[in-house]
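Observations on the model geometry
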Amino acid sequence: MPRRNRPRLDVPRGVGPSTGWARPESGPDGDWVVRTVPGAQATKFYRCPGCDHEIRPGTPHLVVWPADETGSVADRRHWHRGCWQARTRRR
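Counting restarts for each chain: residues are numbered from 1 in the order of the written sequence. In view of the model being predicted, local features appear only for residues whose pLDDT reaches at least 70, and side-chain atom pairs are presented and counted only at 80 or more, with totals across whole chains, interfaces and linings using the full set of residues. Values shown for side chains rest on all heavy atoms present in the structure; no hydrogens or waters enter the calculation.

Quick word on the sheet that holds strand β5 (residues 61–66)
A pair of strands is labelled paired if DSSP reports no fewer than 2 bridges between them. Numbering goes from the N terminus for both helices and strands, where a helix is a DSSP run of H or I of at least four residues and a strand is a run of E of at least two. If you walk across this open sheet you meet the 4 strands as β1-β2-β5-β6, and the pairing is antiparallel. The strands lining the two open edges of the sheet, one partner per strand, are β1 (22–27) and β6 (77–79). Strand-to-strand twist in this sheet, taken as the mean axis angle between neighbours without regard to direction, amounts to 35 degrees. A fitted line through C-alpha atoms represents every axis, and for helices the fit uses only the stretch in contact; the resulting angles, taken between N-to-C directions, go from 0 to 180 degrees.

Structure below.
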């Protein structure tokens, strides 16, 4: 039997990044909820607010919205992963 090199996570079956699992994230610009969208589930065109370029269908990206109670569905934004990570270094 092959050896498992990675530790096993106690995550329930059917829950994970590909099923819409979101994680909280804090930064100097506030608290956010971040969800990873795999390329296979990205079926529409979006515009990244970080670079103002299109996120084409099939491109993995992030969906981000404010973590506070004022954040709603209308506040969700689709970001390229690199643009989201560089958001505090941009104007």
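Still to come is the rest of the account.
Considerations on the nonpolar core
As used here, the term nonpolar core means buried Ala, Val, Leu, Ile, Met, Phe, Trp, Tyr and Cys residues forming a set that is joined through side-chain atoms within 4.5 Å. Three labels apply to residues, based on accessible area from a 1.4 Å probe with only protein chains included: buried if under 20% of the type maximum, exposed if over 50%, partly exposed otherwise in between. Counting residues in hydrophobic clusters, the biggest one holds 9 residues: W32, V34, C48, I55, L62, V64, W79, C83 and W84. Elements that contribute at least two residues to this core include exactly β2 (30–37), β5 and α1 (81–85). Non-local contacts of V34, meaning those with residues more than four positions away in its chain, are made with W21, A22, R23, E25, L62, V63, V64 and W84. Contact criterion: two residues are considered in contact whenever any of their non-hydrogen atoms come within 4.5 Å of each other.

Some remarks on the confidence of the model for the chain
Summary statistics for the chain give a mean pLDDT of 82 and a share of 76% for residues scoring 70 or more. Contacts for the low-pLDDT stretch residues 8–19, under 50 throughout, to residues beyond four places or in other chains number 8 contacts. Per-residue confidence from the predictor is reported as pLDDT, which spans 0 to 100.

So, the state of the cysteines
Disulfide assignment relies on a single distance test, namely cysteine sulfur atoms paired within 2.5 Å. Counting across every chain of the model gives 0 disulfides. Here C51 stays unpaired: no disulfide links it, and the sulfur of C83, its closest cysteine neighbor, is 3.7 Å away. Its relative accessible area of 23% is what places C51 among the partly exposed residues.

Section: the side chain of R87
Inspection of the secondary structure assignment puts R87 in the segment after α1. Only 2.8 Å separates the side chain of R87 from the side chain of D29, close enough to count as a polar contact. Beyond its immediate sequence surroundings of up to four residues, R87 is in contact with E25, G27, D29, W32 and W79. We define a polar contact as two N or O atoms separated by no more than 3.5 Å, with the added condition that, inside protein, one atom must be a possible hydrogen donor and the other a possible acceptor, whereas residues neighbouring each other in sequence contribute only through side-chain atom pairs.

Remarks on the pattern of salt bridges
Throughout this description, the term salt bridge denotes a Lys or Arg side-chain nitrogen within 4 Å of a carboxyl oxygen of Asp or Glu. As enumerated under the stated definition, the model contains 4 salt bridges in all. Among the salt bridges present, the one from E25 reaches R23, with a minimum N-O distance of 3.7 Å. When its relative accessible area of 34% is taken as the criterion, R23 is described as partly exposed. R56 is the partner of E54 in a salt bridge, and the nearest nitrogen-oxygen pair spans 3.7 Å.

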